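Below, each chain spelled out in residue letters.
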Amino acid sequence: MDLVAVAELDVFDFNVAVLEREDLNDFISLGKEITSRVRKKIQYWLKDDTSPLAGKPELFVKQSEAQMHMPVCVGDYTDFYSSIEHATNVGKMFRDPENALLPNWKHIPVGYHGRASSIVVSGQPIHRPKGQTLPKDANTPVFGPSQRLDFELEMGFVVGKNTDLGESVSTKEAEDYIFGLVLFNDWSARDIQKWEYVPLGPFLGKNFASSISPWIVTLDALEPFRVSGPEQEPKVLPYLVYEGEKNYEINLEVGITPDGGDETTVCHSNFKYMYWNMAQQLAHHTVNGCNIHVGDMMASGTISGKDENSYGSMLELAWMGTKPVQLNDGSERKFINDGDTVTLRGYAQKEAIRVGFGAVSTKVLPAK
């Protein structure tokens, strides 16, 4: 539905000029009192044969004919590391399997500041990144295209309210500052990342691209799908304590489509598995006074479940290349090949109520 065209019917009670922007930032800035009211009005109108929308096909655009764009202008981007299953798997691979989690992991929602400028919308291809890697048994690095390009199945939330420098957001207030969620693919070059991430964390192994779905699903729409999260032990510090159900049951899957071939689904996971929830992530992010702005993006970290087919990255699915994933065409993947298209999909469903996130689909082109 074209909201600019609907606004010309003089049916909204806010400054409709915000709808003419290329992104949703100004609309989101109006606040949830207005944006939620607009959502409810639209839902009502679409069910009413006598509504202002009735008999006006010019107000609608076919999805098949629509060109999707970045939904928000992302000023800042933070990526968390909040799935205990994913963190444990990575710890087993790269550290002591008996002590997979680092000592801080169950005390803070670990995160890092990523690169907002390289977040792209579904449908925009990316190029294989280049950088330094350290070959096996070598003492000096080499330069070239990454040989271990990976996807990461994540969800991202869009900040819906500004804070001032020095201000903190509590877990109780956090949902007032979260407008909605998107699907998020945190592309990773594992070989570049492995060589560079000590001591300061991800850099070129992550900042070359992240892909998001164009549809933002609001927290209002996800209300029926709230669930309890995992028990957090040891107990968290007081500023991370929260009340109520803060996790969401959202079904997720990942497919790989070779160039000219058919898609193979390689992963089924669920957002409900997250150890640290969004309220805790935002509370921790701002507890030191870090300010946030409308349109900022916060990604969940890779979403892995307990079963092998629920792992949210090729690093885990192929277990660092030791268990190649079989595709429907008979080929194998340890990581992502040039020409492959990776597609993330998500939906929430409870009885007759279903809310879809659409998809984020990205083709990998050879390095420039």
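Residues numbered from 1 in each chain as written. Predicted model: local features only at pLDDT ≥ 70, side-chain atom pairs only at ≥ 80, totals over all residues. Heavy atoms only, no water.

### Describing the sheet that holds strand 4 (residues 126-127)
Here's step 1: Here we have five strands laid out as an open sheet, ordered 4-21-20-15-16, and mixed in their pairing. Edge positions in the open sheet fall to strand 4 and strand 16 (264-270), since each of these has one partner strand only. (Pairing = 2+ DSSP bridges. Helix = DSSP H or I, 4+ residues; strand = E, 2+ residues; numbered from the N terminus.)

### Overview of the environment of asparagine 162
Here's step 1: Looking at the element boundaries, asparagine 162 is found in the loop between strand 8 (153-159) and strand 9 (178-185).
Here's step 2: As for asparagine 162 and isoleucine 119, which are separated by 43 residues in sequence, their C-alpha atoms are 21 Å apart.
Here's step 3: The contact partners of asparagine 162, leaving out residues within four places of it in the chain, are Tyr177, Ile292, His293 and Val294.
Here's step 4: At a separation of 2.7 Å, a polar atom in the side chain of asparagine 162 contacts the main-chain amide nitrogen of valine 294. (Contact = heavy atoms within 4.5 Å. Polar contact = N/O pair within 3.5 Å; in protein donor to acceptor, adjacent residues only side chain to side chain.)

### Things to note about helix 4 (residues 84-94)
Here's step 1: The element helix 4 is largely enclosed, with a buried count of eight among its eleven residues.
Here's step 2: When we look at burial in helix 4, the residues that qualify are Ile84, Glu85, His86, Ala87, Asn89, Val90, Gly91 and Met93. (Buried < 20%, exposed > 50% of the residue type's maximum accessible area, 1.4 Å probe, protein only.)

### Examining the pattern of salt bridges
Pairs can form between side chains of opposite charge once their charged atoms are near each other.
Here's step 1: Scanning the model with the defined rule gives 18 salt bridges in all.
Here's step 2: A salt bridge links glutamate 175 to arginine 226, with the nearest nitrogen and oxygen atoms 2.7 Å apart. Within this pair, whereas glutamate 175 is found in the loop between strand 8 and strand 9, its partner arginine 226 is found in strand 13 (residues 226-227), the two being separated by 51 residues in sequence. Grouping residues by exposure puts glutamate 175 and arginine 226 together as buried. (Salt bridge = Lys/Arg side-chain N within 4 Å of Asp/Glu carboxyl O.)

### Quick notes on the state of the cysteines
Here's step 1: Tallied over the entire structure, the rule returns zero disulfides.
Here's step 2: Cysteine 290 carries a free sulfur, and the closest cysteine sulfur to it, the one in cysteine 73, is 17 Å from it. (Disulfide = S-S within 2.5 Å.)

### Focus on the nonpolar core
Here's step 1: Counting residues in each nonpolar core, the largest one holds 55 residues, and the members touching the most others are Phe151, Met155, Leu181, Ile250, Val266, Phe271 and Leu282.
Here's step 2: Apart from residues lying up to four places away in sequence, phenylalanine 271 is in contact with Met155, Leu181, Asn247, Tyr248, Ile250, Leu252, Met278, Ser300 and Ile303.
Here's step 3: In this structure, Val72, Val74, Tyr112 and Ile212 belong to the second largest nonpolar core, which totals 16 residues. (Core = buried A, V, L, I, M, F, W, Y, C linked by side-chain atoms within 4.5 Å.)

### Remarks on the environment of glutamate 231
Here's step 1: Examined against the element boundaries, glutamate 231 turns out to sit in the loop between strand 13 and strand 14 (247-248).
Here's step 2: Separated by 132 residues in the primary sequence, glutamate 231 and lysine 363 have C-alpha atoms spaced 38 Å apart.

### Structural notes on the pairing of strand 9
Here's step 1: Counting buried positions along strand 9 yields eight of eight residues, so the element is predominantly enclosed.
Here's step 2: Bridge count between strand 8 and strand 9: seven bridges; the pairing is antiparallel. Looking at strand 9, one finds that phenylalanine 157 is bridged to leucine 181.
Here's step 3: Bridge count between strand 9 and strand 11 (residues 210-212): two bridges; the pairing is antiparallel. Note on strand 11: the bridge partner recorded for asparagine 185 is serine 211.

### Remarks on the packing of aromatic side chains
Here's step 1: Scanning the entire structure with this criterion turns up seven aromatic pairs.
Here's step 2: Seen from their ring centres, phenylalanine 14 and phenylalanine 27 are 6.0 Å apart, and the 50° between their planes marks the pair as tilted. Pair noted here: phenylalanine 14 is in the loop between helix 1 (3-7) and helix 2 (25-29) and phenylalanine 27 is in helix 2, with a separation of 13 residues, a long-range link.
Here's step 3: With a relative accessible area of 11%, phenylalanine 14 lands in the buried category.
Here's step 4: A relative accessible area of 9% means that phenylalanine 27 is categorised as buried.
Here's step 5: Their ring planes at 50° and their centres at 5.3 Å tell us that tryptophan 105 and tyrosine 275 sit as a pair that is tilted. (Phe/Tyr/Trp six-rings, centres within 6.5 Å; stacked < 30°, edge-to-face > 60°.)

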